[in-house]
Amino acid sequence: MKTSSLSAQIKPIPVEEGVRLMAADLERAHRFNKAHLLFGVYRAESTRARAEALLEAGLQAQGFHIERVRLPLPDEPDWPYYVHFHPPDGDTVFFVYDLRRAFPEMLQYLNYRREIFVEQRVRAVFWVLEEEAREVALKAPDFWAFRGQVLEFLELPPPRERVEAARELSWWGFHEVREGYESPQEIKDRIALRERLLEELGEEDETVAARAELHYTLGGLYWAKREYDRALEHTLRALALAHRTANERLETWAWNGLGNVYTDLGRYEEAIAAYQKAIELDPKFTWPWNNLGTVYDDLGRYEEAIAAYQKAIELDPQFTWPWNNLGTVYDDLGRYEEAIAAYQKAIELDPQFAAPWNGLGNVYYQQGRREEAIQAYQQAIELDPRNAVPYSSVARVYRRLGEQDKVAEYSAKARELMSPDDWYNRACLESICGNTEAALENLRQALEERPAQRDWAKHDPDLEWIRDDPRFWEIVGDYQQISG
Amino acid sequence: MLLAVGAQMFTQYTRAGGRLDADLLAELERWKGRTVERLQARGAIFETGAGLNLSQFFLSALLKVKTEHTTRQIIRQELGPQLTELIEKINLIADAIHIRERRPVLVVIDDLDKPSTEQAEAIFYHNFAPITQPVCGIVYTVPAAILFSDVFLIAPLRENCFFLPNVRLHPRGKVGKREAEGYETMREFILRRMEESLIEPEALEALVALSGGVFRELAFALRSAISDARRHEADKVTTANVQWARSQLQNPLLRLVSDDDLELLQHIRAENPRRLPDPQKNARLLHILAVLQYADGPDWFDIHPALAEVLE
C-alpha cells in the first residue's frame, strides 16, 4: 500500500521529552507491577540511538535492567511463547529491535499471544521504523491495541549530529564479525543498519568522513558474507573517500580489506598489490604482511609466505595469526616439527585461540598420531564451538579409524554449522562422509571460486576418498593424472 | 477451534457441578484414550500419560494448542481428518447437557474477529461446513471487512450474520448533533472504570466523541489520556490530556491510509453514505477503523473522528 501525504501530519515528539515520558510510564508500570508496551518510532538510526541511550541511562539510574531482544530469536521464532516460559524479572525492560526481520510470522504471534505480555507483566520498548509500526497496526491490530504510548521520534538530526552518530555506529559489531563470531543473521543486521545510515547521510561534503567509514565496514561485512562484488564496491568507495579526506589510516585499512576481497576472488596479483600498497602507507601495519603470507601460501610460494609471516611477527611478536599461519606453511612443506612449534607459540600467546589447535590436529594426523589429533581438534571445538572445520576434521580421523557412528555424529554437527556456500569445506565434509558426487560438485564450485586451491586440493587429506575418481583430476585440472 | 468448543463445553459444565451420563463419559473416555494414543504415536507429549482424566486431557490439549507449536501441528494433523468424530463428540455433550438441563447450549467464541481477512475467509468460508455442524448454538465473531469480500457474498454464513454496529454518536448526515443515548452508553463505559471526579466533564465528552462509538478505541483513548494526566501529575483528566490521546489514535491512522483514500474519506465524512463505495476494495478501511459502520435502519458510514480534523 502507498503511504499517504497525511503521514506528513504525524506529530513528532522531541527526543528528550519522549524519553522522559517513556521512563515515567515504565517506572509507573513497575511500581504497580503492570505490563507496559511502548513503541519508539524512528526514521533516523542516529535519532534512535540517541533516544535509546538516553532512555537506557535513565532506566539504569532507576535500577532497571535492560535486556535487548533482536528478532527473530535464533532458536525460537515465536518470541511471545519464549517469554511465556522465560518471564522477565520485575526489574527488566526489554528493548526490542528488528521486528520486520521476523515478519510475517511475528505479527501473528504477537496478535494471538498478546495476553502473555500482560500475564507476564512484560515491560518493553519496541524500537520500530515507521514501516514496522504501520505493519503492526495493520496486521497485529489486537496486539497494537495493547500498546501503551507510541512515541514518534521522527526528527532527522542536523547533518553534523547524523555524522557523529553514523561514525560511532559504523564500527558497531564490526570487529566481532571480522573475527567470525557472528551469525549470518547478525551480519545481515549490521549491513542493513549501515545501509540505512548511508541513505540518511546523503551526499553532502560534510558527510564524507562518515560515509568512508560506513563503506569500509560494509566492505568488510559483505566480505564476511562472501558477497564479493558488493564487498569490492564498498571497499573501493571507502578507499576513494578516505583518500579524498586524507584519512591515511582508513586508506591503509581499505587497501588491506581490498587485498582480502581479491584473495577470496582468486585475483592474487591484485591482492598482492593491494597489500603492498597498505604496507607502503603504513610499514608497521602487521595485517597486510600476514595476509600477504596467506596469498603466497595459496600460490605455493612458500618461502615468500614464511618471510611475510616472519616480518609480521618481527613487527609485533605478540601477533598470533602469523604464528598460526606459519604453522600451516610448515605443515604444507612437511616440516612437521616446525609446524608444531609455530602452533604451540600461537597457543602460548593466546590460550583462547582455537585455530592453532585445529592446525596442530592436522599435523598430528599427518604424523599418524590420531589420538592426539582428536584431542587437539576437541580443544579447537571447545574454544570455538561454532566453527564447523574441527568437527569435520574429527569426522575424518574417525573415518580413518573405521568408526562410522562417530563419523555420522561429527559430520552432522559440521554440516549444521557450515555455510551452504562454503564450497571447499563442504567438499571435504562430503568426501569424509563418502558422498562422492556431492563432494565433487562442491569441489568444482570451490575451485571455480578460488582456483589457487587446486594445489592444496591435490594433497588435502580430507579429499583422499575422492581422489581415485578420474573426475577429481579433471576438476583440479591435472590431465597427467587422468591419462596416467 | 472445535476442540476448544468441546473442551470448554465439557469442562465448564462439569466444573459448574453438571453431571453427564455414565455411558457418555465412558464413550468420551474411549475416544480420549484413542486420541491420546494416536497423538503420542505422532510425537505429542501428554505429561500425565494414559492416567489423565477427560478434563485434564481437554485442558492439556488446549494449553498445548495455545503454546506449543509442534504439538499444535500434531493435533491438527491428527484431528483434522477425524473432524467428524470430534463433532460427533461435541454433539453428544451438547445434547446431553440440553436434555439434562432442559436448556440448549450456547457457545460464544470470542477473538475470531482478530485474524486477517484472508485467515477469516479460511475459517468462515473454506471451513464453513465443520464450524456449523455442532448442534449447539454458536456465536462466532467475524471481522466486519469479511462481509464485503467476494467469497462472503455467496457464502451461506451471510444468512445467519448479525452486524454489531458501533455506538452512534450523531445522527446520519448531522455531524454536529449529539446522539444522547450513544453518549450515555459510552459515558457509562468510562464511569464503570473510574471515579467521575477524576475526569473533567468536557474531557469525558471529548473522549467519547474521539472514540467514534468504538469501545476498543474508547478504552485506548482513556488509557492514553490518564497516562498523560499522570505524567503531568494532574489530579484529573482534562481536555489537554484528551489531545494527547487524540494524537495517539490519529498518528497510526495517518500511516495506514493512502493518498488514494483521501477523496473517499472526504466523501464519507460529508455524506455518511449508506453504502460503502467499491466495498471489495475499501473494506480494508473498515478493518483498520479508518471508516466506521453504524446501524440506523439501513447501515451508514462515517470516518474515524481522529481523522476528521486532519481531513478538514
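Every chain is numbered on its own, with residues counted from 1 as its sequence reads. Chain labels run from A onward and ligand labels from 1 onward, assigned in the order the entries are written. Given that this is a predicted model, residues contribute local features only at a pLDDT of at least 70 and side-chain atom pairs are listed and counted only at 80 or more, while totals for whole chains, interfaces and linings are drawn from all residues. No hydrogens and no water enter the side-chain calculation; it runs on all heavy atoms of the structure.

1. Points about the overall build of chain A
Counting secondary structure elements, chain A contains 27 helices and 5 strands. Should any heavy atoms of two residues lie within 4.5 Å, those residues are considered in contact. Of the contacts made within chain A by residues no fewer than 6 positions apart, 66% connect residues no fewer than 24 positions apart. Surface exposure of chain A reaches about 21,200 Å², of which carbon and sulfur atoms provide 49%. Secondary structure elements are taken from DSSP: a helix is a run of H or I of four residues or more, a strand is a run of E of two residues or more, and numbering for both begins at the N terminus. Values of accessible area rely on a 1.4 Å probe in the Shrake-Rupley scheme; residue burial ignores everything except the protein chains shown.

2. A look at unusual backbone geometry
Of all residues except glycine, most have a negative phi; of all peptide bonds, most are trans. Residues and elements named next belong to chain A. For the peptide bond that leads from Leu 71 to Pro 72, omega is -5 degrees, which places it in the cis range. Of note, Pro 72 is situated in the loop between strand 2 (65-70) and helix 3 (79-85). Here the residue pair Phe 103 and Pro 104 is connected by a cis peptide bond, since its omega of -5 degrees sits within 30 degrees of zero. Its location among the elements puts Pro 104 in the loop between strand 3 (92-97) and helix 4 (105-112).

3. Comments concerning helix 12 (residues 228-244) of chain A
All names here are of chain A. How far a helix is expected to stretch is found by multiplying one less than its residue total by 1.5 Å. Taking 1.5 Å of rise per residue, 17 residues should cover 24 Å, and helix 12 covers 24 Å from first to last C-alpha, within 8% of that figure. Among the residues making up helix 12, those that are buried are Tyr 228, Ala 231, Leu 232, His 234, Thr 235, Ala 238, Leu 239, Leu 241 and Ala 242. Residues of helix 12 that are buried in the fold lie against helix 10 (184-201), helix 11 (208-224), helix 13 (248-264) and helix 24 (436-449). Immediately downstream of helix 12, the backbone of Ala 246 shows phi near 55 degrees, a positive value. Relative accessibility under 20% of the residue-type maximum defines a buried residue, over 50% an exposed one, and the middle range a partly exposed one, all with a 1.4 Å probe and only protein chains included.

4. Focus on the environment of A:Glu270
Residues and elements named next belong to chain A. Along the chain, Glu 270 turns up in helix 14 (residues 268-281). The exposure class assigned to Glu 270 is partly exposed, which follows from its relative accessible area of 35%. Sequence spacing of Glu 270 and Gly 259 is 11 residues, and the spatial spacing of their C-alpha atoms is 7.1 Å.

5. Some thoughts on the pairing of strand 1 (residues 36-42) of chain A
Residue and element names in this part refer to chain A. Burial within strand 1 is extensive, with 7 of its 7 residues counted as buried. With burial as the criterion, each face of strand 1 is covered, one bearing His 36, Leu 38, Gly 40 and Tyr 42 and the other bearing Leu 37, Phe 39 and Val 41. Pairing geometry for strand 1 and strand 4 (residues 123-129), over 7 bridges, is parallel. Residue pairing across strands places Tyr 42 opposite Leu 129, the latter belonging to strand 4. Of the pairings in the sheet, the one linking strand 1 to strand 5 (residues 150-153) comprises 4 bridges and is parallel in character. Looking at strand 5, one finds that Phe 39 is bridged to Val 150. Two strands are counted as paired when DSSP detects at least two bridges linking them.

6. Examining the interface of chain A and chain B
Contacts between the two partners involve 42 residues from chain A and, on the opposite side, 36 residues from chain B. A pair is scored as a salt bridge if a Lys or Arg side-chain nitrogen falls within 4 Å of a carboxyl oxygen belonging to Asp or Glu. On inspection of chain A and its partner chain B, the count reaches 4 salt bridges. Between B:Arg255 and A:Glu130 there is a salt bridge whose closest N-O contact spans 3.2 Å. Polar contacts here mean pairs of N or O atoms no more than 3.5 Å apart (in protein, one a potential hydrogen donor and the other a potential acceptor; neighbouring residues in sequence count only if both atoms are side-chain atoms). On inspection of chain A and its partner chain B, the count reaches 11 residue pairs in polar contact (both at pLDDT 80 or more). Within the residue set of the side of chain A that touches chain B, elements represented by two or more residues are helix 1 (15-31), helix 3, helix 4, helix 6 (130-139), helix 7 (141-145) and strand 5 of chain A. The greatest single-element share of the side of chain A that touches chain B, amounting to 5 residues, is contributed by helix 6 of chain A. Three classes are used, and their members are as follows: Ala, Val, Leu, Ile, Met, Phe, Trp, Tyr, Cys and Pro are nonpolar, Asp, Glu, Lys and Arg are charged, and the others, Gly among them, are polar. Along the lines of polarity and charge, the residues of the side of chain A that touches chain B split into 21 nonpolar, 10 polar and 11 charged.

7. Some remarks on the side chain of B:Ser224
Looking at the secondary structure, you find B:Ser224 in helix 11 (residues 215-231). With residues near it in sequence (within four places) discarded, B:Ser224 still touches A:Gln149, B:Trp244, B:Ala245 and B:Gln248.

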